[in-house]
Amino acid sequence: MRILVVEDDKSLHRIISKRLHEEGYTVDDCYDGEEGLAYAQATSYDCIILDLMLPKLGGLDLLKRIRGEGNQASVLILTARDSVEDRVMGLDMGADDYLVKPFAFDELLARVRSMIRRQSDRKDPILTLADLRMDCATHEVTRGDQKLNLTIKEYALLEYLLRNKGHTVTHSQISDHVWNYDFDYDSNIVNVYIRYLRHKVDRDFPKKLIHTVRGFGYMMREEDE
């Protein structure tokens, strides 16, 4: 899951990003509204954590812009404003939740999990291909009657491949979704993680599901399709 944090308080921002990384999320960091808008327009995020009092472009203006453009990412507003009017305004403009500063980081993480869970529920929570099954609610992955133990990045990569099964996804599409903007596009990390996944998903099974599309990228499909 990829999250954008738009917060100009650098010490708070640093702690939020650290806690999100520890929970296994991919995180991009922005410190003003214009930069946050550019990131939100360029990348598909599962969740945006958005401060209201931002330099260059206010949080509510940013929210209004992305919702007007059809961006459906879950948005959690962070603000020192605690009046009912401010909360109502943010929610009416399309925010999914609202958290008043100061807050407990465990509560922030719980709210992020809740928003992403609701977003996943709008998608298909069970992904399947042949005898491979991924439960996005419990994060359990099985192949046949065998449980697959995946790392956080392996799980994120497999989910992306399964949600695009039958379609070729390129190295850059994978890196944009599974890694953040610090990703080194000249590295072979995507190939490395595809190899890790093949070891766990395909190695012990006669029917292979992860396929290389030479010159383009990868595709998940049944072998005989």
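Right, let's walk through the structure included here. (Residues numbered from 1 in each chain as written. Predicted model: local features only at pLDDT ≥ 70, side-chain atom pairs only at ≥ 80, totals over all residues. Heavy atoms only, no water.)

Within the secondary structure layout, leucine 60 lies in helix H3 (residues 59-68). Here the alpha-carbon distance between leucine 60 and leucine 91, two residues 31 residues apart in the chain, equals 10.0 Å. Residue contacts for leucine 60: discarding those within four places in its chain leaves Leu52, Ile77, Met89, Gly90 and Met93. (Helix = DSSP H or I, 4+ residues; strand = E, 2+ residues; numbered from the N terminus. Contact = heavy atoms within 4.5 Å.)

Okay, helix H1 (residues 10-22) next. With 13 residues, H1 ought to run about 18 Å at 1.5 Å a step, and its terminal C-alpha atoms sit 18 Å apart, in line with that. For H1, the set of buried residues is Leu12, His13, Ile16, Ser17 and Leu20. Seen from one end, H1 has its buried residues packed into an arc of 130 degrees, which puts them on one side. What points out from H1, more than 90 degrees from its buried face, is the exposed set Lys10, Arg14 and Lys18. Note on H1: the residue one or two positions beyond its end, glycine 24, has a positive phi of about 95 degrees. (Expected span 1.5 Å × (residues − 1). Buried < 20%, exposed > 50% of the residue type's maximum accessible area, 1.4 Å probe, protein only. Arc of directions from axis to C-beta.)

This part takes up the layout of surface pockets. Volume-wise, the largest pocket comes out at about 600 Å³. Surrounding the largest pocket, 28 residues form its lining, Met1, Tyr25, Cys136, His139 and Tyr155 being those nearest its centre. Breaking the lining of the largest pocket down by element, the ones donating at least two residues are helix H5 (105-122), strand S8 (140-143), strand S9 (146-148) and helix H6 (152-163). It is H6 that contributes the most residues to the lining of the largest pocket, six residues altogether. Among the residues forming the lining of the largest pocket, the class breakdown is 13 nonpolar, six polar and nine charged. (1 Å grid on protein atoms, 1.4 Å probe; cavity = no way out; pocket = protein on both sides within 12 Å on 5 of 7 lines; lining within 4 Å. Points joined across faces, edges and corners; volume = space filled by probe spheres on them. Nonpolar A, V, L, I, M, F, W, Y, C, P; charged D, E, K, R; others polar.)

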